[in-house]
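In case you want the letters, here they are:
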Amino acid sequence: MADITDIKSILYTEKTLGMQEDGMIVVQTSPRMTKSGLKEVFREYFGIIPSRVNSLNQSGKTKRFRGVQGKQNDFKKFYVKLPEGAQIESLAV
(Lines give C-alpha, C1' and ligand atoms only; values in the text may rest on other atoms or scores of the structure.)
Protein backbone atom coordinates (compact mmCIF):
# COMPACT_ATOMS: atom_id res chain seq x y z
CA MET A 1 0.00 0.00 0.00
CA ALA A 2 1.46 3.33 -1.07
CA ASP A 3 1.66 6.24 1.33
CA ILE A 4 2.39 9.97 1.07
CA THR A 5 5.60 9.39 3.06
CA ASP A 6 7.06 7.50 0.06
CA ILE A 7 7.17 10.81 -1.85
CA LYS A 8 10.49 12.45 -1.01
CA SER A 9 10.21 15.70 -2.94
CA ILE A 10 9.10 17.46 -6.08
CA LEU A 11 12.09 18.26 -8.27
CA TYR A 12 12.63 21.90 -9.24
CA THR A 13 15.21 22.33 -11.98
CA GLU A 14 15.30 24.47 -15.07
CA LYS A 15 13.96 21.61 -17.14
CA THR A 16 11.19 20.59 -14.72
CA LEU A 17 9.98 24.19 -14.28
CA GLY A 18 9.51 24.36 -18.05
CA MET A 19 7.61 21.08 -17.93
CA GLN A 20 5.31 22.43 -15.16
CA GLU A 21 3.99 25.04 -17.59
CA ASP A 22 2.69 22.15 -19.71
CA GLY A 23 1.08 20.42 -16.70
CA MET A 24 3.86 17.88 -16.07
CA ILE A 25 5.51 17.58 -12.64
CA VAL A 26 8.50 15.47 -11.60
CA VAL A 27 8.30 13.65 -8.25
CA GLN A 28 11.18 11.92 -6.47
CA THR A 29 10.07 8.87 -4.46
CA SER A 30 11.45 5.81 -2.73
CA PRO A 31 12.38 2.92 -5.05
CA ARG A 32 9.47 0.76 -3.81
CA MET A 33 6.76 3.14 -5.14
CA THR A 34 4.76 1.93 -8.16
CA LYS A 35 2.77 3.78 -10.82
CA SER A 36 -0.56 2.60 -9.47
CA GLY A 37 0.54 3.48 -5.93
CA LEU A 38 1.48 7.00 -7.00
CA LYS A 39 -1.86 7.46 -8.78
CA GLU A 40 -3.60 6.34 -5.58
CA VAL A 41 -1.62 8.85 -3.47
CA PHE A 42 -2.47 11.68 -5.88
CA ARG A 43 -6.16 10.74 -5.83
CA GLU A 44 -6.33 10.37 -2.05
CA TYR A 45 -4.24 13.34 -0.87
CA PHE A 46 -4.50 15.87 -3.70
CA GLY A 47 -7.87 14.95 -5.22
CA ILE A 48 -6.36 14.69 -8.72
CA ILE A 49 -6.27 11.66 -11.00
CA PRO A 50 -3.14 11.93 -13.20
CA SER A 51 -3.74 11.42 -16.90
CA ARG A 52 -0.31 9.81 -17.45
CA VAL A 53 2.55 8.56 -15.25
CA ASN A 54 6.03 7.56 -16.45
CA SER A 55 8.72 6.20 -14.14
CA LEU A 56 12.52 6.17 -14.10
CA ASN A 57 14.84 4.30 -11.70
CA GLN A 58 17.85 6.44 -10.81
CA SER A 59 20.91 4.82 -9.24
CA GLY A 60 22.88 6.70 -6.63
CA LYS A 61 26.22 8.18 -7.61
CA THR A 62 29.50 6.82 -6.30
CA LYS A 63 31.34 9.60 -4.48
CA ARG A 64 34.26 10.09 -2.13
CA PHE A 65 33.58 11.47 1.34
CA ARG A 66 36.78 12.49 3.17
CA GLY A 67 38.83 10.00 1.22
CA VAL A 68 36.42 7.10 1.74
CA GLN A 69 34.44 5.88 -1.24
CA GLY A 70 30.69 5.78 -0.69
CA LYS A 71 27.43 5.59 -2.60
CA GLN A 72 24.42 7.89 -2.53
CA ASN A 73 20.94 6.40 -2.17
CA ASP A 74 18.99 5.10 -5.17
CA PHE A 75 15.66 6.75 -5.92
CA LYS A 76 12.81 6.66 -8.39
CA LYS A 77 11.51 9.58 -10.44
CA PHE A 78 7.98 9.86 -11.76
CA TYR A 79 6.87 12.17 -14.53
CA VAL A 80 3.22 12.93 -13.73
CA LYS A 81 0.94 14.55 -16.33
CA LEU A 82 -1.89 16.43 -14.63
CA PRO A 83 -5.27 16.81 -16.35
CA GLU A 84 -6.20 20.14 -18.02
CA GLY A 85 -6.75 22.91 -15.47
CA ALA A 86 -5.69 20.83 -12.45
CA GLN A 87 -3.20 22.31 -9.99
CA ILE A 88 -1.66 21.29 -6.70
CA GLU A 89 -1.90 24.08 -4.09
CA SER A 90 1.74 23.80 -2.99
CA LEU A 91 2.91 24.24 -6.61
CA ALA A 92 0.76 27.29 -7.39
CA VAL A 93 2.97 30.20 -8.40
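Look a little higher up for the structure.
Please read all numbers here as calculations on a predicted model, not as lab measurements.

**Student:** What is the right way to look at the environment of I4 in this model?
**Tutor:** Within the element layout of this structure, I4 appears in the segment before β1 (7-10). For the pair formed by I4 and G85, sequence separation is 81 residues and the distance between their alpha carbons is 23 Å. Dropping the residues within four chain positions of it, I4 is found in contact with V41, Y45 and F46.

**Student:** Whenever I open this one, the pattern of salt bridges confuses me. Can you help?
**Tutor:** Pairing between side chains of opposite charge can happen when the charged atoms of each approach one another. Taken as a whole, this structure holds 2 salt bridges when the rule is applied. We note a salt bridge from D6 to R32, for which the minimum N-O separation is 2.8 Å. One end of the pair, D6, is in the segment before β1; the other, R32, is in the loop between β2 (24-29) and α2 (35-46), and 26 residues separate them in sequence. What makes D6 buried here is its relative accessible area of 6%.

Criteria and cut-off values
- Residue positions are given per chain, counting from 1 as you read along its sequence in written order.
- Note on the predicted model: pLDDT of at least 70 is required for a residue's local features to be given, and 80 or more for side-chain atom pairs to be given and counted; whole-chain, interface and lining totals, by contrast, use all residues.
- The basis for every side-chain value is the complete set of heavy atoms in the structure, and neither hydrogens nor water enter the calculation.
- To qualify as a helix, a DSSP run of H or I must reach at least 4 residues; to qualify as a strand, a run of E must reach at least 2; elements of each kind are numbered from the N terminus.
- Residues are treated as being in contact if the distance between any of their heavy atoms lies within 4.5 Å.
- A carboxyl oxygen of Asp or Glu within 4 Å of a side-chain nitrogen of Lys or Arg is what we treat as a salt bridge.
- Any residue under 20% of the maximum accessible area for its type is buried, any over 50% is exposed, and the rest in between are partly exposed; the area is computed with a 1.4 Å probe on protein chains only.

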